[in-house]
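Close look at the chain arrangement
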Amino acid sequence: MNETKDRSQIRVVVGMSGGVDSSVTAYLLKEQGYDVVGIFMKNWDDTDENGVCTATEDYEDVIAVCNEIGIPYYAVNFEKQYWDKVFTYFLEEYKAGRTPNPDVMCNKEIKFKAFLEHAMNLGADYLATGHYARVDRTGDTVKMLRGVDNNKDQTYFLNQLSQEQLKHVMFPIGDIEKKEVRAIAEKAGLATAKKKDSTGICFIGERNFKEFLSQYLPAQPGNMETFDGDVKGTHDGLMYYTLGQRHGLGIGGDGEPWFVLGKDLARNVLYVGQGFENDKLYSHALTAVKLSFTTDEARPQTFNCTAKFRYRQQDSPVTVEMREDGSALITFDEPQRAITPGQAVVLYDGDECIGGGTIDTVIKNGETLTYVG
Amino acid sequence: MNEIYLDHAATTPMSEHVIAAMTEAMRDVYGNASSIHGAGRTARKALDEARATLARSIGAKPNEILLTSGGTEADNTAIFGVAAARQHEGKHIITTQIEHHAVLHACAQLEKQGYDVTYLPVNEKGVVAVKDVQRALRDDTILVTIMYGNNEVGSVQPIAAIGELLQAHTATFHTDAVQAYGIVPLDVDALRVDLLSVSAHKLNGPKGIGFLYVRAGVKCVNLLYGGSQERKRRAGTENVPAAVGFAVAVDEAIAKRDEANAAYKRYRELLTTTFTNAGLNFRVNGEEGLLHVLNVTFVGTDVESFLINLDMSGVLVSSGSACTAGAIDPSHVLVAMFGSDAEELRSSIRFSFGQGLSDEIIQEAANRVVAIVQRLVK
């Protein structure tokens, strides 16, 4: 009883997207007795010629859920910040021939910075989101742990969160499995219980990625070549392809399927080769920039841990060697396939996500690969 | 935390007298005003009495009052009605940049249909210049639609002077008086307007009813077709209980008008004096026009955060107009007054007054506002 009373004095702002995860997040916190406020973030305007905007539909769901739970709701517009901090970066990276991860940037700059600040300005003690991750507050420092649903774990996207940010966040559904989240929503009769999960990058949504990108970046078609210089076809623009990609190349013929092996920006050439296991796709180390750690604990200059190089990948053992300038050399115990500049490399110590950075260069046999972008 | 409702320009709570009159009408006056039997005649009588009251309130004749579902329908009827009726005489319409969206979006729709619309600017006080109207007039101008009092900043437009100017032109003159009705005396002959829109829910009447004054002889094509109600100008069974409530609300508003305006003036001073004494950096936007609307820029605040904080502390106000997905769009009125980069767009809120307030309540609201601003402005 006392605990409930205390919790009613703790204000938690929930970032609500109109999806089932954030709906259940708000519901659980309310059930636990917190002073819960739901806030919808509008980061992108996709209003079409008929005036239809997915944000409007999503906000309608937020309203329905908040009324069902019995909490106040508001909307806040971060379109400008999102454009400046996330979308501009996204385009710049593509222009540079890399494959950016806007969700990592959105968490770092918008959700857990601008939005967190907004929540704090409303007198909130915590910001909660529907991410599949856990926060461990049992020790002196706050640790970020993988979500218990291994298939859904989202620490990959949260790797840039700092100790200061983690102190103020809650991930109430990190302790449960996705199917349990759905079950809770259904049992509580929440309007979003059966809503389809959003897929892909938030501002692109269900739309065709190529078509979307072509609205912002001029596409320059060029040759698809093997490393031996054989022209195998034409590509639609280097930015549409990512390392290790198989689909959409349109190269037929005999033998093993064709894959993207690299890019030559200067010549506007896409390198292709045969075989999933193509040797050109493998590397031994990478350098990462913008290294960030979730705790402020001191760590040796060189340490061992595990790493993920893309979302939903199994961890791989690595050795991290920190450099003076905040970058790091990360050496793999086993060669890795299709390490992609621009994507995040995320570091783990057991269940704990200790931080991460952005993949900058890829190294094979001690030499930086010039063809991976 | 007790709520203090300072958003009367958005809508008002219904007066007890209105609720009583409507309850009685809903119970006893159930007939269809078009029916030829006794119940129909009872309804018709109640409707006629209400219409007479409404007409009297603006110096019009009862047959010039076209009852609508509210201000938006009144504005749309005026704009689309005149545009359709006079399309062979011309396709030019003059309005201002600070109109309500019921006017602006109707005009935008007409542009898509091939009409040419001039959106006149306003000065920093939110007032359009008569000479700008004069300059914009063309031979093919068929409609001039300019609001009486602005809903966001309270600025009052020179409607009588524009009406005077238009005596020398054939254009039909419409004014959206939704925000001004009940606050300032309105006389359609003194103003020389042909069409005038009002709504009941802004003056403690029911939602869902308003009227368009249509001067006898003015050409205006119907929006709705069906039965012969409203002298065949607006089909649909008359909402008699709402009309009865509307009339009671109007009588009450007019009876209390001077007293209410005196109170609004005190409230404005109470708020601004409290803000000054607390050392807040603020500016009042717009001229002192409609006294019940007070638009204030609090330098250094962010409106989204500010409004939520105010709501959490029980002070219910608004800013601009809610747009897509509940987020706040910069106010088009403030853009017209200050430009699209002005800090006013991010830092302004509207207090609006009505019945049921007191100096004590306003003082309490002022104190809560001060506490929040001092917390938010570092």
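Residues numbered from 1 in each chain as written. Chains lettered and ligands numbered in written order. Predicted model: local features only at pLDDT ≥ 70, side-chain atom pairs only at ≥ 80, totals over all residues.

**Observations concerning the overall build of chain B**
Helices and strands together make up the secondary structure of chain B, namely 14 helices and 14 strands. By the compact-globule yardstick of 21 Å for 378 residues, chain B fits well, its C-alpha radius of gyration being 21 Å. For chain B, the spread of C-alpha atoms along the principal axes amounts to about 65 × 50 × 40 Å. With 378 residues in all, chain B has 51% of them scored as buried. When contacts within chain B are restricted to residue pairs at least 6 apart in sequence, those whose partners lie at least 24 apart make up 74%. (Helix = DSSP H or I, 4+ residues; strand = E, 2+ residues; numbered from the N terminus. Rg over C-alpha atoms; globule rule 2.2 N^0.38 Å. Buried ≥ 20, exposed ≤ 12 C-beta atoms within 10 Å, placed from the backbone. Contact = placed C-beta atoms within 7 Å.)

**Observations regarding the overall build of chain A**
When helices and strands are tallied, chain A shows nine helices and 18 strands. Relative to the compact-globule value of 21 Å for 373 residues, chain A shows a C-alpha radius of gyration of 22 Å, a close match. Taking the principal axes of its C-alpha atoms as reference, chain A extends roughly 75 × 55 × 35 Å. The buried share of chain A, taken over its 373 residues, is 42%. Pairs at least 24 apart in sequence give 64% of the contacts found in chain A among residues at least 6 apart.

**Side note on the UniProt feature "active site" (unreviewed entry) in chain A**
Residue and element names in this part refer to chain A. Residues given the UniProt feature "active site" (unreviewed entry) here are Cys106 and Cys202. These annotated residues cover 97 residues of sequence, and their C-alpha atoms lie no more than 9.8 Å from one another, placing them together at a single site. With respect to the helices and strands, Cys106 occurs in helix 5 (residues 102–121). Beyond its immediate chain neighbours, meaning those up to four positions away, Cys106 contacts Val86 and Lys111. Within the secondary structure, Cys202 sits in the loop between helix 8 (178–188) and helix 9 (209–214). Cys202 gets classed as partly exposed once you count the C-beta atoms within 10 Å, which come to 18. Here Cys202 is in contact with Asn43 and Trp44, once residues within four sequence places are set aside. (UniProt positions renumbered as here; feature names shortened; annotations may be inferred.)

**Digging into the interface of chain B and chain A**
The interface of chain B with chain A comprises 11 residues on the first partner and 14 residues on the second. Tallying contributions element by element places helix 11 (residues 303–312) of chain B first for the side of chain B that touches chain A, with five residues. Tallied by class, the residues present in the side of chain B that touches chain A amount to six nonpolar, four polar and one charged. (Nonpolar A, V, L, I, M, F, W, Y, C, P; charged D, E, K, R; others polar.)

**Topic: the sheet that holds strand 10 (residues 258–264) of chain A**
Residues and elements named next belong to chain A. One open sheet accounts for four strands, arranged 9-8-11-10; its pairing is mixed. The sheet is open, and its two edges are formed by strand 9 (231–235) and strand 10, each paired on a single side. Neighbouring strand axes in the sheet, compared pairwise and without regard to direction, differ in orientation by 30 degrees on average. The pairing of strand 10 with strand 11 (residues 269–274) spans six bridges and is classified as antiparallel. Considered in strand 11, the bridge of Phe259 is made with Gly273. (Pairing = 2+ DSSP bridges. Axes fitted to C-alpha atoms, helices over the stretch in contact; angles between N-to-C directions.)

**Details of the environment of Val153 of chain B**
Residues and elements named next belong to chain B. Topologically, Val153 is positioned in the loop between strand 5 (141–145) and helix 6 (159–165). With 29 C-beta atoms packed within 10 Å, Val153 lands in the buried category. Along the backbone, Val153 and Arg257 are 104 residues apart, and their C-alpha atoms lie at a distance of 20 Å. Val153 has contacts with Gly126, Asn285, Gly286, Val293, Asn295 and Val333, leaving out every residue within four places of it along the chain.

**With respect to unusual backbone geometry**
One non-glycine residue, Arg312 of chain A, lies in the positive phi region at around 70 degrees. Positionally, Arg312 of chain A belongs in the loop between strand 13 (302–308) and strand 14 (316–322). With phi around 70 degrees, Asn204 of chain B is a residue other than glycine that occupies positive phi space. Its place among the elements puts Asn204 of chain B in the loop between strand 7 (195–199) and strand 8 (210–214). For Asn204 of chain B, a count of 27 C-beta atoms within 10 Å translates into the label buried.

**Quick look at helix 2 (residues 20–31) of chain A**
All names here are of chain A. Spanning 12 residues, helix 2 covers 16 Å between terminal C-alpha atoms, matching the ideal 16 Å at 1.5 Å per step. Counting buried residues along helix 2, 10 of its 12 residues qualify, which places the element largely inside the surrounding structure. Contact partners of the buried residues in helix 2: strand 1 (11–16), strand 2 (35–42), helix 3 (54–69), strand 4 (126–128) and helix 8. Just downstream of helix 2 lies Gly33, where phi reads positive at about 100 degrees. (Expected span 1.5 Å × (residues − 1).)

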